[in-house]
Amino acid sequence: MSVNHIRPWRTIERRKSRQIMVGNVPVGGDAPISVQTMTNTDSSDVKATLAQVLAAAEAGADIVRISAPDVAATQALREICKESPVPIVADIHFHYKRAIEAAEAGAACLRINPGNIGDDSRVKEVIKAAKDHGCSIRIGVNAGSLEKHLLDKYGEPCPDAMIESGLDHIKILQDNDFHEFKISVKASDVFMASAAYQMLADATDAPIHLGITEAGGFVSGTIKSAIGMGQLLCMGIGDTLRVSLSADPVEEVKVGFEILKSLGLRHRGVNIISCPSCARQGFDVIKTVETLEKRLEHIKTPMSLSIIGCVVNGPGEALMTDVGFTGGGAGSGMVYLAGKQSHKLSNDQMVDHIVEQVEAKAAQLEAARAAETDRA
């Protein structure tokens, strides 16, 4: 699949992968790249965990992962899965019974490494539970938890060791006639993760889950994730992703969508194009953008808004956006609609007026979309 534009230098040729289902969300093939996050509450606390799931879903998460380390957690999953508006992935480490319980509780996907959960009989039990309950599986290879025999063989975590681990786990599933799986090869080192993912893309047609694991805090982790996943996405690699931040899960979702929006791979909400501001600015750009980001969080319709402090770049940027405001002089600026000058506006009325214009444009776009659907 390619994401085509009238400008060929924007074209991304998506890697061809087979498609699986995570609940009602298609992953791989020609499906949109899905955005995931993970809760950080006590998984046995249904109220707190479900609140995080709902907040993540409202922010745009397509899939949410929940750790299931014990019986209390898998018992809580039953109610959480029932109430969740998005598919739930149960994160399982080592204990095969937790995987079975999670499948029975309604999890849409099990995140496991088949080779780590015991002998063949236990693996077969987990796969049977997944088949019986319509669960997919994510093989989650991580540079920080590679098998001892691979570390002995390669001397240290490296892309070759990660790929060998991943292919070993794939073989276990395929030998048991299970094919509804996706796979990740995460590392906190951007170079290692990038190399491993490129090798993985050549080695299997399974859907690939992208991530730079343990990326760090909000700022550093966002940058590291954007660099690591951004280059892979530009190569067409990646069918679903999670941005791993030491931050609120909602922030992971926002960053994930911003990465995809910047590459034209997903569109959701308002894409604000704004200048960093300088002495030429006709209003406080930084404060205005910060306020607008919060005031426009409720808009889900894909659209663009330019907020530029002066007339050097403002008119040119406004030509390419649905709504725009360019700073001028004497406490006022110019409003642009659909790329054309519309009317002047005083700075003190700017924020409320821009919100109104964006809401009106969103309603117009949604009405047009509904009409197109009806005609189809």
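All of the points below concern the structure found in this document. Along each chain, the written sequence defines residue order, and numbers are assigned to residues from 1. Reporting of local features is limited, given that this is a predicted model, to residues whose pLDDT is at least 70; pairs of side-chain atoms are given and counted only at 80 or more, and all residues count toward the totals for whole chains, interfaces and linings. By convention in this description, side-chain values take in all heavy atoms of the structure and omit both hydrogens and water.

Okay, the overall build of the chain next. Secondary structure assignment for the chain yields 12 helices and 17 strands. For 376 residues, the compact-globule estimate of 2.2 N^0.38 gives 21 Å, and the C-alpha radius of gyration of the chain, at 23 Å, lies within 12% of that figure. Taken over the C-alpha atoms alone, the chain extends approximately 75 × 40 × 40 Å along its principal axes. Here the chain, with 376 residues, has 51% of them falling under the buried criterion. Counted over contacts in the chain with a minimum sequence separation of 6, partners at least 24 positions apart contribute 63%. Of the accessible surface of the chain, which amounts to about 17,200 Å², a share of 52% is contributed by carbon and sulfur atoms. A run of H or I in DSSP becomes a helix once it reaches four residues, and a run of E becomes a strand once it reaches two; helices and strands are each numbered from the N terminus. Atoms counted for the radius of gyration: C-alpha only. Globule rule: 2.2 Å times the number of residues to the power 0.38. Each residue's exposure class comes from its accessible area (1.4 Å probe, protein chains only) as a fraction of the maximum for that residue type: buried when under 20%, exposed when over 50%, partly exposed otherwise. Contact criterion: two residues are considered in contact whenever any of their non-hydrogen atoms come within 4.5 Å of each other. Residue exposure ignores everything except the shown protein chains as possible cover, and the areas themselves are Shrake-Rupley values with a 1.4 Å probe.

Attention now moves to the sheet that holds strand S14 (residues 303–308). Strand order in this open sheet of 5 strands is S13-S14-S15-S16-S17, and the pairing throughout is mixed. In this open sheet, the two strands that pair with only one neighbour each are strand S13 (270–274) and strand S17 (340–346). Here the strands of the sheet are splayed against their neighbours by 20° on average, with no regard to which way each runs. A pair of strands is labelled paired if DSSP reports no fewer than 2 bridges between them. What counts as an axis is a line fitted to C-alpha atoms, over the stretch in contact for a helix, and the angles between N-to-C directions run from 0 to 180 degrees.

It is worth spelling out the nonpolar core at this point. For our purposes a nonpolar core is just a set of buried Ala, Val, Leu, Ile, Met, Phe, Trp, Tyr and Cys residues, chained together by side-chain atoms within 4.5 Å. Membership of the largest hydrophobic core comes to 81 residues, with the highest contact counts inside it found for Leu77, Leu110, Met162, Leu210 and Leu233. Considering every element that reaches this core, the biggest residue donor is helix H7 (residues 190–203), with 7 residues. Once you skip the residues sitting within four places of it in the chain, Leu77 turns out to touch Ile66, Ala68, Ile88, Ala90, Ala102 and Ala105. Counting residues in each nonpolar core, the second largest holds 20 residues, with Phe283, Phe325, Val358 and Ala362 among its members.

This part covers unusual backbone geometry. For Phe94, which is not glycine, the phi torsion reads 75° and is therefore positive. A positive phi angle, near 55°, is found at Ala330, a position not held by glycine. Considering the arrangement of structural elements, one finds Ala330 in the loop between strand S15 (323–327) and strand S16 (332–337).

Before going further, it helps to spend a moment on the pairing of S13. Note: S13 against S14, 5 bridges, orientation parallel. Within S14, the residue paired with Ser274 across the bridge is Ile307.

Before going further, it helps to examine the state of the cysteines. Joining two cysteines, a disulfide is a covalent bond between their sulfur atoms. The disulfide criterion is simple: two cysteine sulfur atoms within 2.5 Å. Tallied over the full model, the rule gives 0 disulfides. With no disulfide of its own, Cys275 lies closest to Cys310 among cysteine sulfurs, the gap being 6.7 Å.

Our next topic: helix H10 (residues 285–295). Of the positions making up H10, those classed as buried are Val285, Thr288, Val289 and Leu292. All buried residues of H10 project into a common sector of 95° when viewed along the axis, lining one side. For H10, the exposed residues set more than 90 degrees away from the buried face come down to Ile286, Lys287 and Lys294. Here a polar contact is recorded for every N or O atom pair within 3.5 Å, except that within protein the pair must consist of a potential hydrogen donor and a potential acceptor, and residues adjacent in sequence are included only if both atoms are side-chain atoms. With a side-chain oxygen positioned 3.4 Å from the backbone nitrogen of Ile286, the residue opening H10 is Asp284. Here the arc refers to the set of directions running from the helix axis out to each C-beta atom.

Attention shifts here to empty space enclosed by the protein. Throughout, the protein atoms alone are placed on a 1 Å grid, and a set of points is a cavity if a 1.4 Å probe fits but cannot get out or a pocket if it is open with protein on both sides within 12 Å along at least five of seven lines; lining residues have an atom within 4 Å of a point. Grid points are joined across faces, edges and corners, and a volume is the space filled by probe spheres set on the points. Within the structure shown, the criterion is met by 1 cavity of 30 Å³ or more. Estimated volume of the largest cavity: approximately 30 Å³. Secondary-structure elements contributing two or more residues to the lining of the largest cavity are strand S9 (136–142) and helix H6 (159–175). Counting residues per element, the lining of the largest cavity draws most heavily on S9, which supplies 3 residues. In this classification, Asp, Glu, Lys and Arg are treated as charged, Ala, Val, Leu, Ile, Met, Phe, Trp, Tyr, Cys and Pro as nonpolar, and every other residue, Gly included, as polar. The residue makeup of the lining of the largest cavity, split by class, is 2 nonpolar, 7 polar and 1 charged.

When the terminal C-alpha atoms of helix H12 (residues 350–375) are compared, their 37 Å separation across 26 residues agrees well with the 38 Å that a helix rising 1.5 Å per residue should span. Along H12, the residues that are buried comprise Met350, Val351, His353, Ile354, Val355, Gln357, Val358, Lys361 and Ala362. In the core, the buried residues of H12 are packed alongside S13, H10, S14, S15, S16 and S17. Here the expected span of a helix is defined as 1.5 Å times the quantity of residues minus one.

Counting buried residues in strand S10 (residues 181–186) gives 6 out of 6 residues, a clear majority hidden from the surface. The side-chain alternation of S10 yields two buried faces, one formed by Phe181, Ile183 and Val185 and the other by Lys182, Ser184 and Lys186. In this sheet, S10 lies alongside S9 in parallel orientation, the contact comprising 6 bridges. Bridge pairing in S10 links Gly140 to Ser184.

All right, on to the environment of Leu292 then. Structurally, the position occupied by Leu292 is in helix H10. Residue Leu292 is classed as buried on the basis of its relative accessible area, which comes to 0%. Taking the C-alpha atoms as reference points, Leu292 and Ile272, 20 residues apart in sequence, are found 8.9 Å from one another. Excluding residues that lie within four positions of it along the chain, Leu292 makes contacts with Ile272, Leu305, Ile307, Val351, Ile354 and Val355.

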